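Listed below, chain by chain, are the residues.
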Amino acid sequence: MTVLEPKTSFEVSNKGFYGRFGGAFIPEMLYPNVEELRQNYLAIMADPTFQTEFRALLTDYVGRPTPLFLAERLSNEIGATIYLKREDLCHTGAHKVNNTIGQILVAKRLNKQRIVAETGAGQHGVATATVCALMGLECIVYMGEIDMERQQPNVDRMRMLGATVVPAKSGSKTLKDATNEAMRHWINNPVDTHYIIGSVVGPHPYPDMVARFQSVISEEIRTQLLEKTGHENPDYVVACVGGGSNAAGAFFHYLHEPSVRLVAAEAAGLGVSSGHSAATTALGKPGVLHGSRTILMQTDDGQVTEPYSISAGLDYPGIGPLHAHLFDSGRGDFYAIEDDEAIRAGFQLSKLEGIIPAIETAHALAALPKMNLQASDVVVVCLSGRGDKDLATYSKYL
Amino acid sequence: MEAELTKQTNRITHVFTKKSTGLLNVYFTAGFPNLDDTVTVLEGLEKAGADLVEIGMPYSDPVADGETIQQSNMQALENGMTLKTLFEQLADCRSRVSVPILLMGYVNPVLQFGVEAFCQKCQEVGVDGVILPDLPLDLYLDEYEPIFQQYGILNIFLITPQTSDDRIRLIDEHSEGFIYMVSSASITGSTSGVSEQMLAYFDRINAMNLRNPRLIGFGIKDNETFQMANQYANGAIIGSAFIRLLQENGADGNEIAGFVRTIKG
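Residues numbered from 1 in each chain as written. Chains lettered and ligands numbered in written order. Predicted model: local features only at pLDDT ≥ 70, side-chain atom pairs only at ≥ 80, totals over all residues.

What should I look at first to understand the domain arrangement of chain A in this one?
Much of the literature gives interface size as the accessible area that the parts lose upon coming together. Residues and elements named next belong to chain A. Its domain assignment divides chain A into domain 1 (17-57 + 96-209) and domain 2 (63-94 + 214-397). Look at where the C-alpha atoms of domain 1 and domain 2 centre, and you get two points 22 Å apart. Taken residue by residue, the interface counts 36 residues in domain 1 and 38 residues in domain 2. Among the secondary structure elements, those contributing two or more residues to the side of domain 1 that touches domain 2 are β2 (21-22), α4 (96-109), α5 (123-135), α6 (145-150), α7 (152-160) and α8 (175-188). The residue inventory of the side of domain 1 that touches domain 2, partitioned by class, reads 15 nonpolar, 17 polar and four charged. (Domains from an automatic or database assignment. Contact = placed C-beta atoms within 7 Å. Helix = DSSP H or I, 4+ residues; strand = E, 2+ residues; numbered from the N terminus. Nonpolar A, V, L, I, M, F, W, Y, C, P; charged D, E, K, R; others polar.)

Structural data, given as structure tokens:
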């Protein structure tokens, strides 16, 4: 295990960097939009009226706090004490809504009339369409053409909520390309549009802003764990990482608690070396994508590689710059989980606890047997989303 | 001293001292439509009378580009184009052409190549300037400006209607060659016409008396838009319209000559 220097920081720097990752690598056409956000986001978020409105919506609309559930049968099976942070019980079925509520309130304070977003599995698209309906703002969601096919129910949900879903037909026709298209839309509509990025990716200040909105997850874990065990800190926090927003939220208040190991599960697809994988830290090297320097799957020539995972929410060729820094500094443990392992973990949780997890989330559960856990260990798994949207995939394994 | 010398002899700087209006900079994607077309198109453009040539380094995720240039990037990558191959293709281009050459692309392939190795190669093959839209100004100033200067490679910056006056002044101060004026808030290949807003922006920039000449790009597609650009700047940059020509007719010298003639009028 890498020994950390005591001064290692996991907070974003003034210039938007986490260690050597982050920054704002954006064309000039986006500079004013991103700069407007950068200059205002902290002040907006610190404003008491903003906090009151944000907290009220999290409580009354999202249904927070979400429970911290002691999964006894799973604990027996794994041989450690496993708590599940039930983000799957959020309105819309995943943690994504924590961020979209926060960002739409920011957008309103910046007088934006229209929202653009990208989506992979469709969870962020649904969460964005939901808050746009709530606030009466126009909503345009870019989604890879291939993802639209494999996540059809979420496409219908977004449309029912009044959003326009635009297929991204460039490149690999998945999340990366949907993000490109959303950025192009923002370039074309710089004044009246806010881009709600769904993960801790993109140019500064997005990774920091999204992490702060998602940090409610670890804020609640601390309180709930203290109530249940007498200790705020578990031994491990485990979450899946595509871009990494649920992980950033689950890790946030533990970043500077060295006794808490932070565990990230990436999607290995058909296997890390199979050529069909999305295990970014295993396969990538430093590079720039979607406005930030991060760890990136790419060719020697610097072309971004098309990732693969059974889960549409994890097949992203990069990770958020915070996670790149966690990996680089040794603060986080990264596991590569293959499709089959995730599916098995999804079935295991369903049968042991009566909870069908999203396939993304199942990757986090599949890391548990690989962690060499002791009977005395207390582990919190961020159960980031529910699996209803994945039934078509799961049913192939029934 | 050496940097001073290369700066003086830089072909981009030189072309603006010879001519202050009606300059045409034509963009095309390296390795498109066929891998080996790069130098053919370059020579065709020089013969046709292009004043500067901008060679696109294809990238998998060109966020500032519209569909036409995206497609050409994808085609070029499928053809096997890489930065290494491009430098090989350009290795003896200076025995054939004297037109100023810029490389345009995105920062990631350049970072993988190595910024210094990239600038060194540019100097070696006779590239005069670089346009990297997603290389942040502050990072360029903090880390890369001395390297670009050492090899005499001009880094061309973009400004848009939303760029603040203060930022334009800063960009002007650190620019050599010319400033790339993006005509409207858009990606490349936009079809919207000339608006009052656009003209007000051009007037605003003119009134700033910047030290660098300016070329207008994005939305330039025919003689009419080219002439409009000439009224407000030193010339224009045309990209998507030329890519469409290459897509339809291949790297044909006569077609290229006819295209440039039509644009210049």
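How should I be thinking about the nonpolar core in this particular structure?
Among soluble globular proteins, nonpolar side chains are generally buried collectively. Residues V237 and V238 of chain A together with Y180 of chain B are the most contacted members of the largest nonpolar core, which totals 216 residues. When residues of this core are assigned to domains, at least three map to each of domain 1 (17-57 + 96-209) and domain 2 (63-94 + 214-397) of chain A. Residue contacts for Y180 of chain B: discarding those within four places in its chain leaves I131, I156, F157, L158, L215, G217 and I237 of chain B. (Core = buried A, V, L, I, M, F, W, Y, C linked by C-beta atoms within 7 Å. Buried ≥ 20, exposed ≤ 12 C-beta atoms within 10 Å, placed from the backbone.)

Sorry, what's going on with α5 of chain A here?
It helps to recall that an α-helix has 3.6 residues per turn; residues three or four apart then point in one direction. All names here are of chain A. The end-to-end C-alpha distance of α5 is 18 Å, a good match for the 18 Å that 13 residues give at a rise of 1.5 Å each. The element α5 is extensively covered by neighbouring structure, given that ten of its 13 residues are classed as buried. Taken residue by residue, α5 has Q123, H124, G125, V126, A127, T128, A129, T130, V131 and C132 as its buried positions. Next to the buried residues of α5 lie α4, β5 (114-119), β6 (138-144), α7 and β8 (193-196). (Expected span 1.5 Å × (residues − 1).)

In this structure, what is going on with the interface of chain A and chain B? I would like to understand it.
Contacts between the two partners involve 25 residues from chain A, matched on the other side by 27 residues from chain B. Put simply, the parts of the chain that give the side of chain A that touches chain B at least two residues each are α8 and β11 (285-289) of chain A. Per element, the largest residue contribution to the side of chain A that touches chain B is six residues, and it comes from α8 of chain A. For the side of chain A that touches chain B, a count of residues per class yields twelve nonpolar, eight polar and five charged.

Just to check I follow, could you spell out the packing of helix α3 (residues 38-48) of chain B against helix α13 (residues 253-264) of chain B for this structure?
The packing of two helices is summarised by the inter-axis angle and the distance between the axes. Residue and element names in this part refer to chain B. At a minimum axis distance of 9 Å, the contact between α3 and α13 shows a crossing angle of 45°. With respect to each other, α3 and α13 are oriented oblique. In this structure, α3 crosses over α13, and the sense of that crossing is right-handed. Seen from α3, the contacting residues are V41, G44, L45, K47 and A48; seen from α13, they are G253, I256, A257 and V260. Considering only residue class, the contact of α3 with α13 consists of six nonpolar, two polar and one charged. (Axes fitted to C-alpha atoms, helices over the stretch in contact; angles between N-to-C directions. Parallel < 35°, antiparallel > 145°, perpendicular 65-115°, else oblique. Left-handed = near helix turned anticlockwise from the far one by under 90°.)

What am I meant to see in the environment of K85 of chain A here?
Residues and elements named next belong to chain A. Along the polypeptide, K85 turns up in strand β4 (residues 81-85). On the basis of neighbour counts, which here come to 29 C-beta atoms within 10 Å, the residue K85 falls in the buried class. When the C-alpha atoms of K85 and L383 are compared, they prove to be 5.4 Å apart, with 298 residues separating the residues in sequence. Residues in contact with K85, not counting those within four places in the same chain, are T66, L68, I217, I221, A250, V380, V381, C382 and L383.

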